[in-house]
Amino acid sequence: MTIIFSLFLLTLLVIIAIAIVHTRNLFVCIALMSIFSLLMAVNFFTLDAADVALTEAAVGAGVTTVIFLTALRLTARREKREGTKASLLSLCVLGITMLLLIYATIDNPTLGDPNAPVHVHVAPYYLEQTYELMGFPNVVTAVLSSFRGYDTLGEVFVVFAAAIGVLFILDARKGTGPEYRPEQAGLKHHLIPKAVGGLLVPFVMLFGLYVQFHGEYGPGGGFQAGAIFATAVILFSLLEGEQAALRAVPRSAQMALVVGGASLYGFVGVLCLLMGGTFLDYSVLMQDPVIGRQVGIVAIEAGVGMAVCGSLLSIYHAFAARHPMEGRDESV
Amino acid sequence: MILVGVAVAILTTMVLAVIRAVSGPSIYDRVLAANMFGTKTVLLLAVVSFIFGRTDFLDLALAYALINLVGVLAVLGFFESRLKAERGRVDE
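Residues numbered from 1 in each chain as written. Chains lettered and ligands numbered in written order. Predicted model: local features only at pLDDT ≥ 70, side-chain atom pairs only at ≥ 80, totals over all residues. Heavy atoms only, no water.

## Quick look at the side chain of Ser314(A)
Residues and elements named next belong to chain A.
- Inspection of the secondary structure puts Ser314 in helix α13 (residues 289-320).
- With a relative accessible area of 3%, Ser314 lands in the buried category.
- Ignoring sequence-local partners within four residues, the contact set of Ser314 consists of Ala163, Leu167, Gln254 and Met255. (Helix = DSSP H or I, 4+ residues; strand = E, 2+ residues; numbered from the N terminus. Buried < 20%, exposed > 50% of the residue type's maximum accessible area, 1.4 Å probe, protein only. Contact = heavy atoms within 4.5 Å.)

## Considerations on the layout of surface pockets
Residue and element names in this part refer to chain A.
- Considered as a void within the structure, the largest pocket measures approximately 1,000 Å³ in volume.
- Put simply, the parts of the chain that give the lining of the largest pocket at least two residues each are α3 (50-72), α5 (117-120), α6 (123-134), α7 (139-147) and α8 (149-170).
- Of the residues in the lining of the largest pocket, the class split is 18 nonpolar, six polar and seven charged. (1 Å grid on protein atoms, 1.4 Å probe; cavity = no way out; pocket = protein on both sides within 12 Å on 5 of 7 lines; lining within 4 Å. Points joined across faces, edges and corners; volume = space filled by probe spheres on them. Nonpolar A, V, L, I, M, F, W, Y, C, P; charged D, E, K, R; others polar.)

## Some thoughts on the environment of Ala123(A)
Residue and element names in this part refer to chain A.
- With respect to the secondary-structure elements, Ala123 resides in helix α6.
- By relative accessible area, Ala123 is classed as partly exposed at 21%.
- Separated by 16 residues in the primary sequence, Ala123 and Val139 place their C-alpha atoms 9.7 Å from one another.

## Description of α6(A)
All names here are of chain A.
- Here α6 contains 12 residues, and its C-alpha end-to-end distance of 16 Å stays within 8% of the 16 Å for a straight helix at 1.5 Å per residue.
- Contact partners of the buried residues in α6: α7 and α13.
- Of the residues flanking the end of α6, it is Gly135, one or two places downstream, whose phi is positive at about 80 degrees. (Expected span 1.5 Å × (residues − 1).)

## Some words on the pattern of salt bridges
- According to the stated counting rule, one finds one salt bridge over all chains in the structure shown.
- In this structure, Arg148(A) and Asp151(A) form a salt bridge, with 3.0 Å as the shortest nitrogen-oxygen distance. (Salt bridge = Lys/Arg side-chain N within 4 Å of Asp/Glu carboxyl O.)

## Focus: the interface of chain A and chain B
- At the junction of the two partners, chain A supplies 59 residues and chain B supplies 46 residues.
- Applying the counting criterion to the chain A and chain B interface returns zero salt bridges.
- In this assembly, chain A and chain B are joined by one residue pair in polar contact (both at pLDDT 80 or more).
- For the side of chain A that touches chain B, the elements supplying multiple residues, two or more each, are α1 (2-22), α2 (26-46), α3, α9 (191-213) and α10 (222-240) of chain A.
- The element that contributes the greatest number of residues to the side of chain A that touches chain B is α2(A), accounting for 13 residues.
- Looking at side-chain class alone, the side of chain A that touches chain B contains 41 nonpolar, 12 polar and six charged residues. (Polar contact = N/O pair within 3.5 Å; in protein donor to acceptor, adjacent residues only side chain to side chain.)

## Considering the nonpolar core
- With 103 residues, the main nonpolar core has Leu39(A), Tyr265(A), Tyr282(A), Phe37(B), Leu44(B), Leu60(B) and Tyr64(B) as its most contacted residues.
- Ranked by residues supplied to this core, first place goes to α13(A) with 13 residues.
- Sequence-distant contacts of Tyr265(A), that is, excluding residues within four places in its chain, are made with Ser145(A), Gly149(A), Thr152(A), Leu153(A), Val156(A), Leu280(A), Tyr282(A), Ile300(A) and Val304(A). (Core = buried A, V, L, I, M, F, W, Y, C linked by side-chain atoms within 4.5 Å.)

## What to know about the confidence of the model for chain B
All names here are of chain B.
- With 95% of its residues at a pLDDT of 70 or more, chain B shows a mean pLDDT of 84.
- Confidence, expressed as mean pLDDT per element, reaches its minimum in chain B at helix α3 (residues 58-91) with 80 and its maximum at helix α1 (residues 2-23) with 90.
- Model confidence for the complex is summarised by a pTM of 0.86, with the ipTM given as 0.89. (pLDDT = per-residue confidence, 0-100.)

## A word on empty space enclosed by the protein
- A complete count under the given rule lists one cavity of 30 Å³ or more for this structure.
- Estimated volume of the largest cavity: approximately 230 Å³.
- Within the residue set of the lining of the largest cavity, elements represented by two or more residues are α2 and α3 of chain A together with α2 (27-51) and α3 of chain B.
- Considering each element in turn, the lining of the largest cavity owes the most residues, five residues, to α2(A).

## Considerations on the packing of α8(A) against helix α12 (residues 251-274) of chain A
All names here are of chain A.
- At their nearest, the axes of α8 and α12 sit 9 Å apart, and the two run at 155 degrees to each other. Taken together, the axes of α8 and α12 lie roughly antiparallel to each other. The element α8 and its partner α12 pack so that their crossing is left-handed. Contacts between α8 and α12 pair Gly149, Thr152, Leu153, Val156, Phe157, Phe160 and Leu167 from the former with Arg251, Met255, Val258, Val259, Ala262, Tyr265 and Gly266 from the latter. (Axes fitted to C-alpha atoms, helices over the stretch in contact; angles between N-to-C directions. Parallel < 35°, antiparallel > 145°, perpendicular 65-115°, else oblique. Left-handed = near helix turned anticlockwise from the far one by under 90°.)

## Here we look at the side chain of Ser237(A)
Residue and element names in this part refer to chain A.
- Inspection of the secondary structure assignment puts Ser237 in helix α10.
- Relative accessible area serves as the criterion here: at 3%, Ser237 is assigned to the buried category.
- One polar contact links Ser237 to Tyr316, side chain to side chain, over a distance of 2.8 Å.
- Aside from chain neighbours lying at most four places away, what touches Ser237 is Glu242, Ala245 and Tyr316.

And the structure:
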């Protein structure tokens, strides 16, 4: 069943991928990319990776489409057709690499093989110990926030660095272009988007809270919740105009979210040190080690959510604040 | 069994949407196809979660149902701002 589903969906995925490479119209490209992301999410889902699928849903369905479109506003509609004559050398290199990769797949364990190396190393320990040590069933959250807490701390700082990097490149305040703050009305003059979208914003926020705090029991967690929160604010910005969204969540608040989220994670780690444990060993936070771990996980997931939400919002606003006529190629 | 039938039907409409998205002559065909594909994904996720007996994964379908609209609104806003910019240029 899973195999049939996956084969079918992967075939569609390949077709869409070829179409994305083939098209020169960047808007079509964005539409196809959204289909690509939906297909990826279903693939993750059929492989039982609900947490990953939820991330793909939260980021791929909403935020990336919006950020791509705000970026497309600043550039030409069509990709320039460069001289793409296939040289013999590059064809040879590609062909050899492809053959090598196909050869390497022969050694892959089959899907779901219980003796695959990935299933016999640390995975059994995680599966057995999660409920005993943490007191909740979602192994993914346990691995992400406790067993491999160091990795996630690193990821949060990568998100932090990415936000800083994007702002350095795109920041309209200090950049070359004049600051673009038009009377962007958003879509509020249109009845249907206003009525439906306005109703939706609080529910998306509520869903974000649910994903944030239910991550220990179902699919979800800080990364997904942060993206969903950012989506809610972006939805508000699409409806009421970018200015209104900036008044609701000003730049300082976005930066505070990014910095505060990353620092909260680090602070929990240091607090564990101060209370006599090792770095990010939450069991010392409370009398009962299980409760202590749960408290620590809720705290660091909140930090992750804040950092992700703040950086997505600041990246979106960095794009939206730029003048659309800058660098537009008029001929296409 | 009936769920499998439903899943196959949804997959068929997904293929049709993909064909429209890849071949579709105009941009609007493709946008519509992408939107339809999103709707079908919500349905497929719901049905698959029942087939696999993992109904706690319905959260995902809910996430898509809530967030899908944002992409459509972004497309609308994109075309409106582009239209306005073009009109402004004509006025000058």
